[in-house]
Each structure stands twice: as C-alpha cells, then as structure tokens.
Amino acid sequence: MRVHALFLLTVFHLGPRLGAEEPAITLLYPRPGAVHELGMASVSVALRPGIADRVRVMVNGVERAAGEVRRDGACFVVPLVAGRNEVAVQATMGGQVTGDVAASVFRRSDLESQYRQVPEGFERDRFHQRSNDACGQCHSLSAAPIGQKPAAGDGSSCLSCHKKLAAGVWVHGPVAVGSCLACHDPSASPSLSVKEPVADVCFSCHQEQRDLWRSKKYMHGPVTTGKCTICHGPHSSENAFGLHKPTWYLCTTCHEDRGSGKHVLGHSFSTEGHPTHGRPDPRRPGKEFTCASCHDPHASNVPQMWVIDAKSPFELCGVCHAK
Ligand code: HEC
Ligand code: HEC
Ligand code: HEC
Ligand code: HEC
Ligand code: HEC
Ligand code: HEC
Ligand code: HEC
Ligand code: HEC
C-alpha cells in the first residue's frame, strides 16, 4: 500500500506541473552532488502547507534526525560518513507518508586515502557564495559584526544553523565562545573560507607550538603539508585534542603495519611485540598509552620522531623501564 502511494507521488513529482500546485516537499538543502568537508550536513525542506506534521531524515538508510514541522518547513543537521551519503527526507501526516525527496552528497577526507579524491558527478558547493533568500526569511545570514567578538552560546548568529559544530566532548577554545570569524573571513573569496595553509591560521594563536616545532630537526610528514586538519577537527570532536579518531586509530589509519602487534619488539625480543595501546602511560600519568607515548605527532630531533632526543631505541626504553 505504502509503496503504491510513494509511486503515485513520484509520478506527480516528475510529471508536468498542472496549475499552481507546489510540490508536497521541496529540498532546499543539501544540493544533490555537493561535496562536504565536515562529518555533518545541513538539511532543510519546505513543505506545502498542511501536507505534513512530521519529517524524518535518513542517511544511507538509517534514520538520523526527525522532528515536528515548524512554519511549513523543517531544518536538521545529520552526521555523514566519509565517502558517499544518500540523504533522504520523508514527510508524514498522521503516520502516512505524504512526500519524499533525496540527494546524494560526498564527504571528502584527507585522512582516509580512498576518500581524498572527489568522484565524478560531485562538486564543491559554496553555500555562502549565494544570497540564500529562502533561508534568510527565518535566519540571519549576515556575518558582521557577530562572530567577530566572543559571544557566549547563541550570541553568534552562525550558531542558529551551525550549533552542532560546537557540540562535542572536546570543543575548541574559539568555537566555544562563538568566534567563528577568528578563522573564517567574510571578506575572503569564496566568502568565509579559511586562509591557506591552515597551519598559519592555527599558529596565529598557537605560537608556542610553532616556535617549539620549528626548533626541531624533523617534522612529521602530514604536518609539513600545512594541513593540521588532516588530524584535528577545528571545531569540536568526540576525541581529546579535537582529533578525528582516538590517537592509536588515527596513527594506524596511515601506518597500518605498526598496529599489527609486531611493532618495536616483534622481530627481536618476543613474538608478542610491544603493546602500543590499551594500558596506562607510565610517562604521562592519567593518559592512555598510545603511539604518542613514544612518538611526537608533530616534530622531533630524531628521524623516528621519538618524544625524547634518544640516540638509540634503548635510550628511549629508559623513559618508562628502569634498567
Ligand atoms: C520557515 C522558517 C525557516 C526557514 C525558511 C529556514 N529555517 Fe532553518 N531553522 C528554522 C528554525 C525555527 C530552526 C531552529 C532554530 C533553533 O533551534 O535555534 C532552524 C534551524 C536550522 C538548522 C539547525 C538544525 C539543527 O538541528 O541543528 C539548520 C542547519 C538550518 N536551520 C538551515 C537552514 C537552511 C540552510 C535554510 C535555507 C535553505 C533554512 N534553514 C531555512 C527555521 C527556518
Ligand atoms: C541559514 C543557516 C546558516 C547560517 C545562519 C550560517 N550558515 Fe554557514 N552554512 C550553512 C549551510 C547549509 C552550509 C553548507 C554546509 C552544510 O551542509 O552545513 C554552510 C556552510 C558554511 C561554510 C563552508 C563554506 C560554504 O560556503 O559552503 C562555512 C565556512 C560556514 N558555513 C560558516 C558560517 C559562519 C561563519 C556563519 C556566521 C557568520 C554561518 N556559516 C552562518 C548554513 C548557514
Ligand atoms: C580555529 C579556526 C576555526 C574556527 C574558530 C572556526 N572554524 Fe570553521 N573551519 C575551519 C577550517 C580550517 C575548516 C576547513 C575544514 C577542513 O579543511 O577540513 C572549517 C570548516 C567549516 C565548515 C565546513 C566547510 C566545509 O568545507 O564543508 C563550516 C560550516 C564551518 N567551518 C563553520 C564554522 C562556524 C559556524 C564557526 C563558529 C562556531 C567556525 N567554523 C569556527 C576553521 C575554523
Ligand atoms: C583564535 C585563536 C585560535 C586559533 C586560530 C586556533 N586555536 Fe587552537 N586553541 C585556542 C584556544 C584558546 C585553546 C584552548 C586553550 C589551550 O588549551 O591552549 C586552543 C586549544 C587547542 C587544542 C587543545 C590544546 C590542549 O592542550 O588541550 C588543539 C589541539 C588546538 N587548539 C588545535 C588548533 C588547530 C589545529 C588550529 C588550526 C586549525 C587552531 N587550534 C587554531 C585558540 C586558537
Ligand atoms: C598526524 C596527525 C597530526 C597532525 C597533522 C597535527 N597534529 Fe596536532 N596533535 C596530534 C595528536 C595525536 C595530538 C595529541 C598528542 C598527545 O596525545 O599528546 C596532537 C596535539 C596537538 C596540540 C596539543 C598538545 C601540544 O602538543 O601542544 C596542539 C596545540 C596541536 N596538536 C596543534 C596542531 C597544529 C597547529 C597542527 C598543524 C601545524 C597539528 N597539530 C597537526 C596529531 C596531529
Ligand atoms: C595522514 C597520514 C598520517 C597519519 C595520520 C600519521 N602519519 Fe606518520 N607519517 C606519515 C607520512 C606521509 C610520513 C613520512 C613518511 C616518509 O617520508 O616516508 C610519516 C612519518 C612518520 C614517522 C617517521 C618515520 C618515517 O618513515 O619517516 C613516524 C615515527 C610516524 N609517522 C608516526 C606517526 C604517529 C605516531 C602517528 C599518530 C600520532 C602518525 N604517524 C600519523 C603519514 C601519517
Ligand atoms: C614503546 C614505544 C613505541 C610505541 C608505543 C610505538 N612506537 Fe613506533 N617506533 C618505536 C621505536 C623504538 C622505533 C624504531 C625501531 C623500529 O622501527 O621498530 C619505532 C619506529 C616507528 C616508525 C618507523 C620510523 C623509522 O624511521 O623507521 C613508525 C612509522 C612508527 N614507529 C609508528 C608508530 C605507530 C603508528 C605507533 C602506534 C601504533 C607506534 N609507532 C608506537 C617505538 C614505539
Ligand atoms: C612510553 C613508555 C614506554 C617506552 C618508551 C617503552 N615501553 Fe615497554 N612497555 C610499556 C608499557 C606501558 C608496557 C606494558 C606493561 C604492562 O602491561 O603492564 C610495556 C611492556 C614492555 C615489555 C613486556 C614486558 C612487560 O612488562 O609486560 C617489554 C619486554 C618492553 N616493554 C620492552 C621495551 C623496550 C625494549 C623498549 C625500548 C625499545 C620499551 N619497552 C619502551 C611502556 C613503554
């Protein structure tokens, strides 16, 4: 029965519009074929008055958001996985499906090599390059002066759409105070883009780290690219330090072989290998033992990126193991 109703609706949508009847549901955002850099996307729909009392949003077939209809529209933010995401929006009235729309979007990722390239048919969409009058009816879209000065919580108008960016176990200092324009320049082209390389933007506040790391002999491969965002989310995260994944999983995304269990001791002392996670860190009380217990993720004076200037692996062992 439901399949039948959906079929009729689809025919209605594709067929020529007779008279002035609006479609039951119109997808205002996302744009089909848009490329997203973050792990979430905004979804906004307009509804023909009286057509629906509830809207649900599915991503790759799983319900990710749902809510009541407000003023003949509904807005959500849904999580995206790296790669292709099918975003489907369904309007219901008294539990009956009254309309649906869908769009495919692509989440690009510098961290996961298989999702670094944008596949054919997908294109970067710059939302703030447009006037977005439809959104402006209910939201303020002007960038100044809000966001320039720290403003707690809802004080930044950016948060009326982007508040989920500031929700997480870890929230970055400037994001927590609504200082979006500390990094996003409304006068840049495209509007609100972040200056490149991103490292320069990060170092404008983190000068201490810049000076320390530049004083070292070696820099870690990904750090030399100037893309701190390969590993760090700039806004908020479920992980400490805003990392895209907990440290061990982050490192083994690129250094898969080091997570095999054979690392450090696997070839000499025993077949078990040295642990690389899941224990307390003897060097840093209160922290988990990870790759970063022995290696500095940013810079070091030794090519193996050890956390101390050890001349041999055995000198490194002494940091945690008494001789
Ligand atoms: C009919 C009025 C209306 C229109 C038009 C509208 N919105 Fe919304 N939107 C709202 C309301 C109300 C909220 C809830 C605000 C809040 O909770 O602070 C909201 C919230 C949002 C959110 C945050 C949702 C969340 O769960 O965090 C996003 C994203 C959003 N809108 C995007 C858009 C975009 C993009 C457009 C234009 C394509 C748009 N909106 C048009 C009324 C509207
Ligand atoms: C009407 C809701 C709305 C408001 C208000 C809003 N944005 Fe957006 N913004 C969006 C949507 C929708 C996108 C597309 C990405 C997505 O799905 O969230 C976006 C994308 C962006 C991007 C990526 C570049 C682009 O143009 O697509 C940046 C950066 C950004 N917003 C920053 C801001 C800042 C800073 C503010 C406050 C000055 C702000 N936004 C206010 C809805 C909004
Ligand atoms: C510390 C610098 C910094 C601050 C502060 C910051 N951002 Fe960002 N933002 C970035 C960077 C860098 C990117 C690009 C992400 C990437 O390269 O992976 C980005 C990306 C975005 C995007 C997604 C763009 C896309 O490509 O899809 C949105 C939306 C956004 N920012 C909104 C905001 C809002 C809203 C605030 C304030 C609450 C804010 N940002 C504060 C640095 C920042
Ligand atoms: C506008 C200033 C500003 C900019 C720009 C900025 N940060 Fe921050 N950052 C802060 C503040 C404030 C804190 C919180 C105080 C602290 O712990 O140092 C912080 C904290 C951090 C932390 C956690 C530090 C800790 O010891 O817990 C990380 C990681 C971080 N920032 C990374 C970045 C990255 C990556 C960028 C560039 C995308 C960046 N920051 C850009 C101001 C900034
Ligand atoms: C290869 C991944 C990676 C890259 C790239 C990276 N970081 Fe980090 N960063 C980490 C990890 C992992 C930690 C947490 C280390 C720990 O557990 O002590 C961290 C911690 C930090 C901290 C807080 C601790 C500290 O050392 O002061 C800051 C600030 C920071 N990073 C800033 C940056 C900036 C700025 C850039 C770009 C120049 C950058 N990171 C690039 C992985 C990375
Ligand atoms: C985005 C991919 C990426 C991530 C994530 C990453 N690395 Fe690397 N790492 C590299 C690249 C690229 C090099 C340079 C390799 C080369 O020059 O052959 C490198 C080099 C190294 C080296 C020096 C050895 C060498 O072959 O030059 C060590 C040690 C290292 N990484 C440890 C780590 C640790 C620990 C983490 C987690 C904090 C981490 N890496 C996260 C890509 C990554
Ligand atoms: C107990 C300390 C320790 C831990 C934990 C550790 N490493 Fe190592 N790592 C070393 C030592 C010692 C070497 C040099 C000897 C070797 O290659 O086995 C090394 C070498 C490396 C190298 C190659 C550097 C070169 O130039 O040969 C990479 C890459 C690396 N580690 C990544 C990682 C990653 C990723 C993790 C987490 C999964 C990790 N390490 C955990 C001690 C450690
Ligand atoms: C950053 C701290 C750290 C460094 C550096 C380090 N280890 Fe370990 N090591 C550990 C931890 C933590 C364990 C796990 C202890 C446990 O399970 O209680 C461990 C376990 C071991 C074990 C297994 C025996 C046992 O006690 O379970 C051996 C053997 C060992 N390490 C040798 C080395 C050698 C050789 C080096 C230098 C190449 C080294 N370690 C460097 C922290 C470290």
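What you see is a predicted model, and the numbers here were worked out from it, not measured in a lab.

Peer 1: Can you tell me about the site of ligand 5, naming the residues and giving the values?
Peer 2: Around ligand 5 lies a shell of 18 residues, among which Ala199, Cys202, Cys228, Cys231 and Pro297 are the nearest. When contributions to the shell around ligand 5 are tallied by element, the ones reaching two or more residues are α5 (198-205), α7 (221-224) and α8 (247-254). Grouping the constituent residues of the shell around ligand 5 by class yields 12 nonpolar, six polar and no charged.

Peer 1: Tell me about the sheet that holds strand β1 (residues 25-29), and name the residues and values.
Peer 2: Strand-to-strand pairing in sheets goes through backbone hydrogen bonds, with the strands running parallel or antiparallel. Spatially, β1-β3-β6 is the arrangement adopted by the three strands of the open sheet, whose pairing is antiparallel. In this open sheet, the two strands that pair with only one neighbour each are β1 and β6 (73-79). The sheet shows a mean angle of 25° between the axes of neighbouring strands, taken without regard to direction. Pairing of strand β3 (residues 40-47) with β6 involves seven bridges; the strand directions are antiparallel. Residue serine 44 lies in a different strand from β6, and its bridge partner there is cysteine 75.

Peer 1: Can you explain the site of ligand 6? Please cite residues and give values.
Peer 2: Among the 18 residues in the neighbourhood of ligand 6, the closest are listed as Gly221, Cys251, Cys254, Cys291 and Pro297. Those elements that provide at least two residues to the shell around ligand 6 are α7, α8 and α9 (291-294). When the residues that make up the shell around ligand 6 are grouped by side-chain class, the tally is 11 nonpolar, seven polar and no charged.

Peer 1: Let's hear about the nonpolar core: which residues, and what values?
Peer 2: Grouped together as the largest cluster of nonpolar side chains are 21 residues, with contacts concentrated most on Val43, Val78 and Val87. Secondary structure elements with two or more residues in this core: β1, β3, β4 (54-59), β6, β7 (83-93) and β8 (96-107). Ranked by residue count, the leading element in this core is β3, at four residues. Ranked by size, the runner-up nonpolar core spans eight residues in total, among them Cys228, Cys251, Ala292 and Leu316.

Peer 1: So what's going on with the environment of glutamate 120? Residues and values would help.
Peer 2: Structurally, glutamate 120 is set in the loop between β8 and β9 (123-124). On the basis of neighbour counts, which here come to 7 C-beta atoms within 10 Å, the residue glutamate 120 falls in the exposed class. A C-alpha to C-alpha distance of 9.4 Å links glutamate 120 and glycine 33, two positions 87 residues apart in sequence.

Peer 1: How would you sum up the environment of valine 97? Please name residues and give values.
Peer 2: Of note, valine 97 is situated in strand β8. Sequence-wise, valine 97 and arginine 54 are 43 residues apart; in three dimensions their C-alpha atoms are separated by 9.6 Å.

Peer 1: Give a description of the pairing of β3 that names residues and reports values.
Peer 2: On a regular strand, one side chain projects to one face of the sheet and the next to the other, so that they alternate. Pairing of β1 with β3, which is carried by four bridges, proceeds in the antiparallel orientation. By the bridge assignment, tyrosine 29 is partnered in β3 with serine 44.

Peer 1: I'd like a rundown of the confidence of the model for the chain, residues and numbers included.
Peer 2: Averaged over all residues, the pLDDT of the chain equals 88, while 88% of them reach at least 70. This model gives residues 1-19 a pLDDT under 50, and the stretch forms seven contacts once residues within four places in sequence are excluded. Residue range residues 146-154 is modelled with pLDDT below 50. Its contacts to residues more than four positions away, or to other chains, number 18 contacts.

Peer 1: I'd like to hear about α8, residue by residue, with values.
Peer 2: Those residues of α8 lying buried are Thr247, Leu250 and Cys251. Along the axis of α8, the buried positions cluster into a sector of 90°, meaning they face one direction only. Where α8 is buried, its residues meet α9.

Peer 1: Hey, could you go over unusual backbone geometry for me, with residue numbers and the actual values?
Peer 2: Cis geometry is adopted by the peptide bond preceding proline 190, which originates at serine 189 and carries an omega value of -5°. By secondary structure assignment, the location of proline 190 is in the loop between α4 (173-176) and α5. Looking along the chain, the bond that leaves glutamate 196 and enters proline 197 is cis, with omega of -5°. Along the chain, proline 197 turns up in the loop between α4 and α5. In this structure, phenylalanine 241 is a non-glycine residue whose phi angle is positive, near 60°. Along the chain, the position of phenylalanine 241 falls in the loop between β12 (236-237) and α8. The exposure class of phenylalanine 241 is partly exposed, given the 15 C-beta atoms found within 10 Å.

Definitions and limits used
Residues numbered from 1 in each chain as written. Chains lettered and ligands numbered in written order. Predicted model: local features only at pLDDT ≥ 70, side-chain atom pairs only at ≥ 80, totals over all residues. Near = placed C-beta within 6 Å. Helix = DSSP H or I, 4+ residues; strand = E, 2+ residues; numbered from the N terminus. Nonpolar A, V, L, I, M, F, W, Y, C, P; charged D, E, K, R; others polar. Pairing = 2+ DSSP bridges. Axes fitted to C-alpha atoms, helices over the stretch in contact; angles between N-to-C directions. Core = buried A, V, L, I, M, F, W, Y, C linked by C-beta atoms within 7 Å. Buried ≥ 20, exposed ≤ 12 C-beta atoms within 10 Å, placed from the backbone. pLDDT = per-residue confidence, 0-100. Contact = placed C-beta atoms within 7 Å. Arc of directions from axis to C-beta.

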